[in-house]
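Residue-level listing of the chains:
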Amino acid sequence: MIGLSKKKIKWLLILVKDNIKIIWIFLSDIFGWRFNPEKILPIVYLHKKDDKEGRIFFLLTEDNEIPKGVIYGGSVLTPYEMEITLIRKLELSDKIANKYGVKWTHFVDIGSSLLLLKWVAGVSNNKEWIKLYEMRKQTLIDSYKGGNDIQLHIHSYNIPGSPDFRWEYDSVKNAVYRQKNDKKKKGRTFGGWARQYKEKGNGQEPFTRHGSLEYGKKTLEEIFCPYFSDYKVTCFRAGGWDIGDSEAELKKSFLSLSEAGIMIDSSITKGSISKARWLTDYGMTFEVGARVDRNAYQVMIQRDSKETRDVFELLPTQPIALLGTSSGYITSLDDPCIVENIYKRLLNKNGKIKPGLHFIVEMFHIHNIVGDETWDNLVEGRGDMGRMEDHFRYLTEHCPKIECLTMTDAARLVMNLKD
Ligand SMILES: [Zn+2]
């Protein structure tokens, strides 16, 4: 310390920026008390900002929607099938996770899980569908009331009025079905969010990229705000996880998200997934257990660019490189050792969490749950419900330091980091 006695050091000014800590020492004997920036003595050294124990957050997420293919061996969806898929499965999944202190973030596809039901209720004028729509809303409200989170997911082909809308109502069967030949309709290709909403547009145009977000926010906030005045849509997962496949598309997406007040995106940079592409493209885009500032912005975009500044990336944790699961991502039915292995990698030899904030984001589709003997026989402790319970029990026992967060919690955390 250049041989100065403590008496001579009158004032320390410490600035921490990125990984560099700058300490300015004002020496009264040399410069007097007057602040003079030219006469201060800067001592600069590299400093690991977070050398204290880090934190590990566990976020349980799922895309809440109806399956897009043939459903349960049939070709149409009846109110009963919708009820099992959209109501019963969600209620049971909440119950099981919440028992272990784990909260879901349901990324709700506004089309298939809300607006489609409302649309069928209108065209069929059948009370069953009206009742179903009301029950569905109540299920989501109850889930949120229970501490789970409801955030935004968009598939354009499920939104009535959209040029991509694919559904028809069969009055004989009192059921809905997806039109065949949905690869192409009116010259539009079938794809994820960024590909279906090509134009950035503005907030008033619901079939543009920015407008789709505003429309989605309005749809959810109209349902939740009367019950929860502080409810806000701040997190998004793109349909097909497609947030754009080039730098120009990504910028358009991030600008749209930022203008719509979305703080967290949980999609994947290059759109819908085939396994080969996942391994080659997505394996490189983010890192399991990466520090918060490393996962903060996609690697394809400059961190400080105008478009990305306000949007924080919290992507599904990508386990393929580690474990090669068949599903392509960690789900709540998979062997919980997958999460435990990641968790262990985040601990030092002494058992302390490595510096920084670490996020493990589990990803699921609740509609994939099947019953014990038949698809609709959902019984706690049996079949998929039993597997799910084993998963959460194991996690909470073997990963004692994880803190369970919802996406809204994470958005608040990010807000505090920025301040
Ligand atoms: Zn989806």
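Residues numbered from 1 in each chain as written. Predicted model: local features only at pLDDT ≥ 70, side-chain atom pairs only at ≥ 80, totals over all residues.

A. Up close: the environment of Leu77. With respect to the helices and strands, Leu77 occurs in the loop between strand E4 (55-64) and helix H2 (79-99). The class for Leu77 is buried, based on 23 C-beta atoms found within 10 Å. A sequence separation of 97 residues divides Leu77 from Asn174, and the C-alpha atoms of the two residues are 8.6 Å apart. (Helix = DSSP H or I, 4+ residues; strand = E, 2+ residues; numbered from the N terminus. Buried ≥ 20, exposed ≤ 12 C-beta atoms within 10 Å, placed from the backbone.)

B. View of the nonpolar core. With 80 residues, the main nonpolar core has Leu59, Leu152, Ile262 and Ile264 as its most contacted residues. Setting aside anything within four residues of it in sequence, one finds Leu152 in contact with Phe107, Val108, Ile110, Gly216, Lys217, Leu220, Val233, Cys235 and Phe236. (Core = buried A, V, L, I, M, F, W, Y, C linked by C-beta atoms within 7 Å. Contact = placed C-beta atoms within 7 Å.)

C. Quick peek at helix H7 (residues 247-259). Across its 13 residues, H7 extends 18 Å between first and last C-alpha, which sits within 8% of the 18 Å expected from 1.5 Å per residue. Of all the residues in H7, the buried ones are Glu249, Leu250, Lys252, Ser253, Phe254, Ser256 and Leu257. For H7, the secondary structure elements touched by its buried residues are helix H5 (193-196), helix H6 (209-224), strand E11 (235-238) and strand E12 (264-265). Gly261 sits one or two residues past H7 and shows a positive phi near 75°. (Expected span 1.5 Å × (residues − 1).)

D. Region of the structure containing unusual backbone geometry. Positive phi outside glycine occurs at Asn125, with the angle close to 50°. Tracing the backbone shows Asn125 in the loop between helix H3 (110-124) and helix H4 (127-145). According to the C-beta neighbour criterion, Asn125 is exposed, with 10 such atoms within 10 Å. Unlike most non-glycine residues, Asn174 shows phi in positive territory, near 50°. Among the structural elements, Asn174 can be located in the loop between strand E7 (167-170) and strand E8 (175-178).

E. The arrangement of the pairing of E7 in detail. Relative to E8, E7 is paired through 4 bridges, and the arrangement is antiparallel. Paired with Asp170 across the two strands is Ala175, which belongs to E8. Two successive antiparallel strands, E7 and E8, enclose a turn made up of 4 residues, where Asn174 displays a positive phi of approximately 50°. (Pairing = 2+ DSSP bridges.)

F. Inspection of H4 at higher detail. The end-to-end C-alpha distance of H4, which contains 19 residues, comes to 27 Å, matching closely the 27 Å that a straight helix rising 1.5 Å per residue would cover. Along H4, the residues that are buried comprise Trp129, Leu132, Tyr133, Arg136, Thr139, Leu140, Ser143 and Tyr144. End-on view of H4: buried residues confined to an arc of 130°, all on one side of the axis. For H4, the exposed residues lying more than 90 degrees away from the buried face are Lys127, Gln138 and Lys145. Where the residues of H4 are buried, they touch H2, strand E5 (104-109), H3, strand E6 (149-154) and H6. Positive phi shows up at Gly147, right after H4, with a value of about 100°. (Arc of directions from axis to C-beta.)

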